[in-house]
There are 2 protein chains.
Amino acid sequence: MTRRAYPPRAVVTEVGPRDGLQNEKEVVPTEAKAAFVEGLAEAGLPEIEVSSFVSPKWVPQLGDAEELFRRLRPHPRTVFSALVPNERGMERALACGVRKVAVFTAATESFSRRNTNASVEETLERFRPVLAAARAAGVAVRGYLSTAFGCPFEGPVDPAAAARVARELLDLGCDEVSVGDTIGVATPGRVREGLDALREAGVPADRTVLHFHDTRGTALANVLASLVEGYASFDSSAGGVGGCPYAPGAGGNLATEDLLFLLEGLGVETGVDLEKVRNASRGIEAALGRQLPGKVFRAGPAPWAPVR
Amino acid sequence: MTRRAYPPRAVVTEVGPRDGLQNEKEVVPTEAKAAFVEGLAEAGLPEIEVSSFVSPKWVPQLGDAEELFRRLRPHPRTVFSALVPNERGMERALACGVRKVAVFTAATESFSRRNTNASVEETLERFRPVLAAARAAGVAVRGYLSTAFGCPFEGPVDPAAAARVARELLDLGCDEVSVGDTIGVATPGRVREGLDALREAGVPADRTVLHFHDTRGTALANVLASLVEGYASFDSSAGGVGGCPYAPGAGGNLATEDLLFLLEGLGVETGVDLEKVRNASRGIEAALGRQLPGKVFRAGPAPWAPVR
C-alpha cells in the first residue's frame, strides 16, 4: 500500500478569543482577554481572531472589540483578525487598523435565517460593500461557511451545495474560506466527500481552512483525513474555550493544544509552541472561572516529548 | 491518489465493566453492574469484559466477580470474558464457567514491575499454567500488552521491543493480543510504526486488537489510522467509564459510543446498536453518581443519522 505523506507544514488559526469566548456564558474583562491574546501571540500562532465587530446587543461577550484592539502590542508575525457582520462592522474594524476580517454565512438557508435573520443570498449581498472596502484598504478577508457538513435544522447537507456557497465567497473576493462542521457530525469519509466537492467547485485546497468541532470526538480524525488529502490549514480554540463536554449545545471547538499535539506527532511543522499555548489557556481558564475541556491543555504533551 | 477502503466490519470489545469500573473511585453495587452488562449485551456487543478475578484486596471495585457472573443471563451472541492475573484467578474463572479470559503484561519492565511486581518475563512464566488450563478447558485467551506506544516511566517505547512481547503472548498460546496506548500518547504515525513492527514480528492484523486511550484526544484518529492499515478490532468503554477529562491520570478509555459513531460514519459494520449502548451507559452513570465523559453518549448521534 502506498503510504501518503502529510503536508510538511500547517497553519493553525486561533479562534479562542472570538469563537471560543462568544460561546462562553461568562463575560471576561478586557484585560484578561488582552493577556490571553498576547500569550497566544507569544506562542507563535500566525493568526488570532481577536473579536467581532458585531453589536454588543447580540454578543455582549465581545462588546469590547475596540478597547481590546487598542490594548494589543504589535506582533509582526501574528495577524490579528476580527469578524465583521456587515458594512458598519467593517468601518469599526478599519478604524481599529485591523488587517484581516472575516464574514460569516451558512451552507443551509435554515441556519442562515436562524443565525443572521437573512437568506444565504442576502448575507452574500451584505458582504459586497465589506469586500469592496477590504480591497480598497488592502485588508485580507476570510469567509466562514458554517454547517458545511450537516445542519441542526435541515439534516445532512449536500456537499455540492455547500461547495457552491464556498465558491461564491471566493468569487465575492474572499481570500480563503473556512469550512465548518458546526455541530460536530462529520466523520472522515464525509469530510473527504466535502473536500472533493469543494475542489470540483473551484475552491482549491490552498484557499480552504477546516474548522472542525469536537462535539462527538471526531475532530482530530477529521483533521487527519484532511491532511491526507493535502489540506493544511485548521481552526482551533486554545484550551477548548467555547466547548463543553457536558453541554452538547455549547460550541465544541477543537482545542488548539490537542490539534498541535496531533500535528507535532505527525511531524507537521506549525511554528507554534504548545507549552506557551497551555500557559495562555491557564490565564483564560482562571478568568472564566470554569475548567476548560482541552485534553492536552490538561494532561500536557507526552511526559518526554510528542511520540513521533 | 489511491483511496483506501476501510474494512467492511469491525469487532468492538466492551471493556467498561472491567477496565472502566476498575478506574472509577466509586464501588458499584453488583446489581447495577449486572444491569450494565445485560444492557450492553442487548446492544449487540460481541464481547464484554465483565470483571477480573484478581484479589479484592488489590481491586475492591471488582471484588464481586463470582456474584456478577452468577447473575448474568445467557446471551448466545455475546462472549463474557474476565481478566485473570494468575493460576488462582483462572481457577475461579473456570469455576464460573467463563469462556474467555485475558492475561495482562506490559511492553516495558518498569511498568510491569510497578503494575504487577514482576518483570515481563516473570509475568509470561506466570501465564503458562493459565494458558495450559485454558487449552484444556477450551477457553479462549486474550493477552493484553500495555504501554505499547509509550511508558510513563521509560518514555518512548521501541516498536520492535513491544512487538516481541506481543509475539511471545501468541507463542504462549494467546488467541489475540490487545495492544494498548495506556497513557494516550500515540499519534497516527507512531501507531502505524507499531502495527508494522507487530506484523514484522509475526503478529498478524487478524489477531491484533487496538486499545487506544483518549487522554489527549487522539483515540479516534488512531482508530482511523488502524482501519486504513486493515485493523478491525478495537476496545472501548461505554460512556467513557474510567476516563475523566479533568483528571489526566484517570484511565482515559475511549468511549464506545464515540467509536461506534466513527465506525458507522465510515460505513464499517459492527452489529452494535449505539442507542442501546447509550441506554446502558445512562444506568451506570447513575450508579457512579458522576457525569460520564463520553461525547456521543452525551450529545447523541447526528440529529438525523450518522453522516456517511
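Placed above this text is the structure.
All values reported here derive from a predicted model rather than from experimental measurement.

This part is about the relation of the copies chain B and chain A. Rotating chain B by 180° about the axis while translating it 0.0 Å along that axis superimposes it on chain A, leaving an RMSD of 0.0 Å. What the superposition gives is, in effect, a two-fold axis relating one chain to the other. Relative to the rotation axis, the closest C-alpha in chain B is found at B:Ala221, a distance of 2.0 Å.

Further remarks concern the interface of chain B and chain A. Contacts between the two partners involve 55 residues from chain B, matched on the other side by 54 residues from chain A. Together chain B and chain A conceal approximately 4,700 Å² of surface at their shared face, both sides included; 61% is due to carbon and sulfur atoms. B:Asp214 serves as the salt-bridge partner of A:Lys295, at 2.8 Å between the closest nitrogen and oxygen. Run the count over chain B and chain A and you get 6 residue pairs in polar contact (both at pLDDT 80 or more). Those elements giving two or more residues to the side of chain B that touches chain A turn out to be α8 (188-200), α9 (219-228), α10 (256-265) and α12 (295-299) of chain B. No other element matches the 7 residues that α8(B) contributes to the side of chain B that touches chain A. Tallied by class, the residues present in the side of chain B that touches chain A amount to 30 nonpolar, 11 polar and 14 charged.

Once that is clear, we can look at the packing of helix α2 (residues 30-42) of chain B against helix α11 (residues 274-288) of chain B. Residues and elements named next belong to chain B. Where α2 contacts α11, the axes come no closer than 8 Å and their chain directions differ by 170°. When the interaxial angle is binned, α2 and α11 end up roughly antiparallel. The segment α2 lies against α11, with Ala32, Phe36, Gly39, Leu40 and Glu42 engaging Lys276, Val277, Ala280, Ser281, Ile284 and Ala287. Grouping the constituent residues of the contact of α2 with α11 by class yields 7 nonpolar, 2 polar and 2 charged.

Before going further, it helps to examine the packing of aromatic side chains. Counting across every chain of the model gives 8 aromatic pairs over all chains. Plain terms: the ring middles of A:Phe149 and A:Phe212 are 6.0 Å apart, the flat faces sit at 40° to each other, and that makes the pair tilted. Of this pair, A:Phe149 sits in the loop between β5 (140-146) and α7 (159-172) while A:Phe212 sits in the loop between β7 (208-211) and α9 (219-228), placing them 63 residues apart in sequence. Sitting above the plane of the B:Phe261 ring, A:Arg216 keeps its charged end 5.8 Å from the centroid.

Our focus in this paragraph is the environment of A:Asp64. Residue and element names in this part refer to chain A. As for its placement among the helices and strands, Asp64 is situated in the loop between β2 (47-52) and α3 (65-71). For Asp64, a relative accessible area of 14% translates into the label buried. It is 24 Å that separates the C-alpha atoms of Asp64 and Gln291, two residues lying 227 residues apart in sequence. In this view, Asp64 contacts Val28, Thr30 and Lys33; residues no more than four positions away in its chain are not counted.

Another point: helix α8 (residues 188-200) of chain A. An ideal rise of 1.5 Å per residue puts 18 Å on 13 residues; α8(A) measures up with 18 Å between its terminal C-alpha atoms. Of all the residues in α8(A), the buried ones are A:Pro188, A:Gly189, A:Arg190, A:Val191, A:Arg192, A:Gly194, A:Leu195, A:Ala197 and A:Leu198. The elements touched by buried residues of α8(A) are α7, β6 (176-180), β7 and α9 of chain A together with α9 and α10 of chain B. Positive backbone phi, approximately 90°, marks A:Gly202, located one or two places after α8(A).

This paragraph deals with the pattern of salt bridges. One side chain can pair with another of opposite charge once the charged atoms of both are near each other. Per the counting criterion, the structure on display carries 38 salt bridges over all chains. Among the ionic pairs, B:Glu47 bridges to B:Lys100, the shortest N-O distance being 2.7 Å. With B:Glu47 in strand β2 (residues 47-52) and B:Lys100 in strand β4 (residues 100-106), the pair connects residues that are 53 residues apart, well separated along the chain. The exposure classification of B:Glu47 matches that of B:Lys100, with both residues buried. It is possible to trace a salt-bridge network through shared partners that takes in A:Glu47, A:Lys100, A:Arg142, A:Glu176 and A:Asp235.

A separate point is the side chain of B:Glu24. Residues and elements named next belong to chain B. Within the secondary structure layout, Glu24 lies in the loop between α1 (16-22) and α2. The exposure class assigned to Glu24 is buried, which follows from its relative accessible area of 6%. From its side chain, Glu24 meets the backbone nitrogen of Gly242 in a polar contact 2.8 Å long. Apart from the residues lying within four places of it in its own chain, the contact partners of Glu24 are Gln61, Val241, Gly242, Gly243, Leu288, Arg290 and Leu292.

All names here are of chain A. Between helix α4 (residues 87-95) and helix α6 (residues 120-137), the least distance of the axes is 9 Å, while the angle of their chain directions is 20°. Here α4 lies roughly parallel to α6, going by the angle between them. As α4 runs across α6, the sense of the crossing is right-handed. Contact residues: α4 offers Glu87, Met90 and Leu94, while α6 offers Pro129, Val130, Ala133, Ala134 and Ala137. Here the residues of the contact of α4 with α6 sort into 7 nonpolar, no polar and 1 charged.

All names here are of chain A. Taking burial as the measure, the 6 residues of β2 include 6 buried ones, the bulk of the element. Sheet topology note: the strand β1 (residues 11-14)/β2 ladder contains 2 bridges and is parallel. For Glu14, the partnering residue across the bridge sits in β2 and is Ile48. Here β2 runs beside strand β3 (residues 79-83); their pairing, made up of 5 bridges, is parallel. Bridging from a neighbouring strand, Glu49 pairs with Ser81 of β3. The handedness of the β2 to β3 crossover, carried by α3, is right-handed.

Here the focus is unusual backbone geometry. As a rule of thumb, non-glycine residues mostly have phi less than zero, and peptide bonds are mostly trans rather than cis. Residues and elements named next belong to chain B. Located in the positive-phi region is Asn117, a residue other than glycine, with phi close to 60°. Tracing the chain through its elements places Asn117 in the loop between α5 (109-116) and α6 (120-137). When its relative accessible area of 71% is taken as the criterion, Asn117 is described as exposed. Even without being a glycine, Thr147 presents a positive backbone phi close to 45°. As for its position among the elements, Thr147 is in the loop between β5 (140-146) and α7 (159-172).

All names here are of chain B. All buried positions along helix α4 (residues 87-95) are accounted for by Gly89, Met90, Arg92 and Ala93. All buried residues of α4 project into a common sector of 160° when viewed along the axis, lining one side. Exposed residues pointing more than 90 degrees away from the buried face of α4 are listed as Arg88 and Ala95. Of the surrounding secondary structure, the elements contacted by the buried residues of α4 are α3 (65-71), β4 and α6. Two or three places before Arg88, at the opening of α4, Asn86 has a side-chain oxygen 3.3 Å from that residue's backbone nitrogen. Phi turns positive, to about 75°, at Gly97, one or two residues after α4.

What counts and how
- Residues numbered from 1 in each chain as written.
- Chains lettered and ligands numbered in written order.
- Predicted model: local features only at pLDDT ≥ 70, side-chain atom pairs only at ≥ 80, totals over all residues.
- Heavy atoms only, no water.
- Least-squares fit on C-alpha atoms with pLDDT ≥ 70 in both.
- Contact = heavy atoms within 4.5 Å.
- Buried area = accessible area lost by both parts, 1.4 Å probe.
- Salt bridge = Lys/Arg side-chain N within 4 Å of Asp/Glu carboxyl O.
- Polar contact = N/O pair within 3.5 Å; in protein donor to acceptor, adjacent residues only side chain to side chain.
- Helix = DSSP H or I, 4+ residues; strand = E, 2+ residues; numbered from the N terminus.
- Nonpolar A, V, L, I, M, F, W, Y, C, P; charged D, E, K, R; others polar.
- Axes fitted to C-alpha atoms, helices over the stretch in contact; angles between N-to-C directions.
- Parallel < 35°, antiparallel > 145°, perpendicular 65-115°, else oblique.
- Phe/Tyr/Trp six-rings, centres within 6.5 Å; stacked < 30°, edge-to-face > 60°.
- Lys NZ or Arg CZ within 6 Å of the ring centre and 35° of its normal.
- Buried < 20%, exposed > 50% of the residue type's maximum accessible area, 1.4 Å probe, protein only.
- Expected span 1.5 Å × (residues − 1).
- Left-handed = near helix turned anticlockwise from the far one by under 90°.
- Pairing = 2+ DSSP bridges.
- Right-handed = clockwise from strand over helix to strand, strands pointing away.
- Arc of directions from axis to C-beta.

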